[in-house]
There are 2 protein chains.
Amino acid sequence: MNNRLRVLRAEHGWSQQDLADRLGVSRQSVNAIEKGRYDPSLPLAFSIADVFGLPIEAIFLRD
Amino acid sequence: MNNRLRVLRAEHGWSQQDLADRLGVSRQSVNAIEKGRYDPSLPLAFSIADVFGLPIEAIFLRD
DNA sequence: CTCTAATGTAAAGCGACCTTGTCATTATGA
DNA sequence: TCATAATGACAAGGTCGCTTTACATTAGAG
């Protein structure tokens, strides 16, 4: 499950900590998801989609 | 996190076992998700979206 | 160069997701 | 009625998602 988190975060000029704060999760979680170490839960995926104003499918990609 | 699994499954005339087979998960998992006992992982949510030919947002709803 | 922000990673712990196995209940059909 | 299918639920066990704490590395500002 690839994702475009790093790019989207950069477009917004946010640090991993900034994004973590907006999502209400730890910086390590953002880093781990961004680096592909694991996938977010579905609720967190929805939160990420909300933060960026995009559908989940525009952020997370099948492989 | 509400979902429209029961309705969609009924529309297709599938039993929980039928859907589980298509998703490659156990019948108990389908039942638990359908009953709202827990949310699917993101990869499973994508599989469900694929099976029904719908975007994730059309199946799973924020609360 | 020095200080600080940002990032990457690791460990331990907890709860969520998913499994197999099992049992109970309800509905349907021969 | 009897057999079978479908659903709901629970327990035990494994892995994943997320936490806090901690430390190392990299990059930029001054």
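Above this text is the structure in question.
Residue positions are counted from 1 within each chain, in the order its sequence is given. Whichever chain is written first becomes A and whichever ligand is written first becomes 1, with later ones labelled in order. Thresholds applied to this predicted model are a pLDDT of at least 70 for local features of residues and 80 or more for the giving and counting of side-chain atom pairs; totals over whole chains, interfaces and linings are not thresholded and use all residues. Note: side-chain values were computed over all heavy atoms of the structure, leaving out hydrogens and water.

Student: So what's going on with the interface of chain A and chain B? Residues and values would help.
Tutor: Any pair of residues with heavy atoms lying within 4.5 Å of one another is described as a contacting pair. Listed as interface residues are 13 residues of chain A and, on the opposing side, 13 residues of chain B. A buried area of about 1200 Å², summed over both sides, lies between chain A and chain B, and 67% of it is on carbon and sulfur atoms. Among the residues chain A hides against chain B, the three largest losses belong to Leu42, Phe46 and Arg62 of chain A. Together they make up 48% of the total. The term salt bridge refers to a side-chain nitrogen of Lys or Arg lying within 4 Å of a carboxyl oxygen of Asp or Glu. Taken together, the connections running from chain A to chain B amount to 2 salt bridges. Note that Asp50 of chain A is salt-bridged to Arg62 of chain B, the shortest N-O span being 2.7 Å. Pairs of N or O atoms are called polar contacts if they sit within 3.5 Å, as long as, within protein, a hydrogen donor faces a hydrogen acceptor (for residues adjacent in sequence, only side-chain-to-side-chain pairs). In this structure, the connection of chain A to chain B is made through 4 residue pairs in polar contact (both at pLDDT 80 or more). Counting from the N terminus, the helices are the DSSP runs of H or I reaching at least four residues and the strands are the DSSP runs of E reaching at least two. Considering every element that reaches the side of chain A that touches chain B, the biggest residue donor is helix α4 (residues 42–52) of chain A, with 5 residues. Buried area is understood as the total, over both parts, of accessible area removed when two parts are fitted together, assessed with a 1.4 Å probe.

Student: Can you explain the relation of the copies chain A and chain B? Please cite residues and give values.
Tutor: For the pair of chain copies, the relating operation is a rotation around an axis with a shift along it. For this overlay, a least-squares fit was computed on C-alpha atoms, restricted to residues scoring pLDDT of at least 70 in both copies. When chain A is fitted to chain B, the residual RMSD is 0.0 Å, and the transformation amounts to a turn of 180 degrees plus an axial shift of 0.0 Å. Taken together, the rotation and translation describe the operation of a two-fold axis. When you check the interface residues of chain A against chain B, 100% turn up at the interface there too, and the contact is symmetric in its surfaces.

Student: I'd love a proper account of the packing of helix α2 (residues 16–23) of chain B against helix α3 (residues 27–34) of chain B, names of residues and values included.
Tutor: All names here are of chain B. What counts as an axis is a line fitted to C-alpha atoms, over the stretch in contact for a helix, and the angles between N-to-C directions run from 0 to 180 degrees. Closest axis-to-axis distance for the α2/α3 pair is 8 Å, and the angle between their directions is 110 degrees. Between α2 and α3, the interaxial angle falls into the category roughly perpendicular. Along its contact with α2, which presents Gln16, Gln17, Leu19, Ala20 and Leu23, the element α3 presents Arg27, Val30, Asn31 and Glu34. Grouping the constituent residues of the contact of α2 with α3 by class yields 4 nonpolar, 3 polar and 2 charged. Throughout this description, any angle smaller than 35 degrees is read as roughly parallel, any larger than 145 degrees as roughly antiparallel, any in the 65 to 115 degree range as roughly perpendicular, and the remainder as oblique. For this scheme, ten residues count as nonpolar: Ala, Val, Leu, Ile, Met, Phe, Trp, Tyr, Cys and Pro. Four count as charged, namely Asp, Glu, Lys and Arg, and the remainder, Gly too, count as polar.

Student: Give me the lowdown on the protein's contact with DNA strand C, citing residues and values where you can.
Tutor: Around DNA strand C, 20 residues are found, and the nearest of them are Gln16 of chain A together with Ser26, Ser29, Tyr38 and Ser41 of chain B. Think of it this way: one heavy atom of a residue within 4 Å of a molecule or strand is enough to make that residue near it. Expressed as a percentage, the sugar and phosphate content of the atoms of DNA strand C within 4 Å of the protein is 57%. Arg27 of chain A is positioned such that a nitrogen or oxygen atom in its side chain is 3.0 Å from a base oxygen of DNA strand C. For the surface near DNA strand C, the elements supplying multiple residues, two or more each, are α1 (5–12) and α3 (27–34) of chain A together with α3 of chain B. For the surface near DNA strand C, the leading source of residues is α3 of chain B, giving 4 residues. Counted by class, the surface near DNA strand C contains 5 nonpolar, 9 polar and 6 charged residues.

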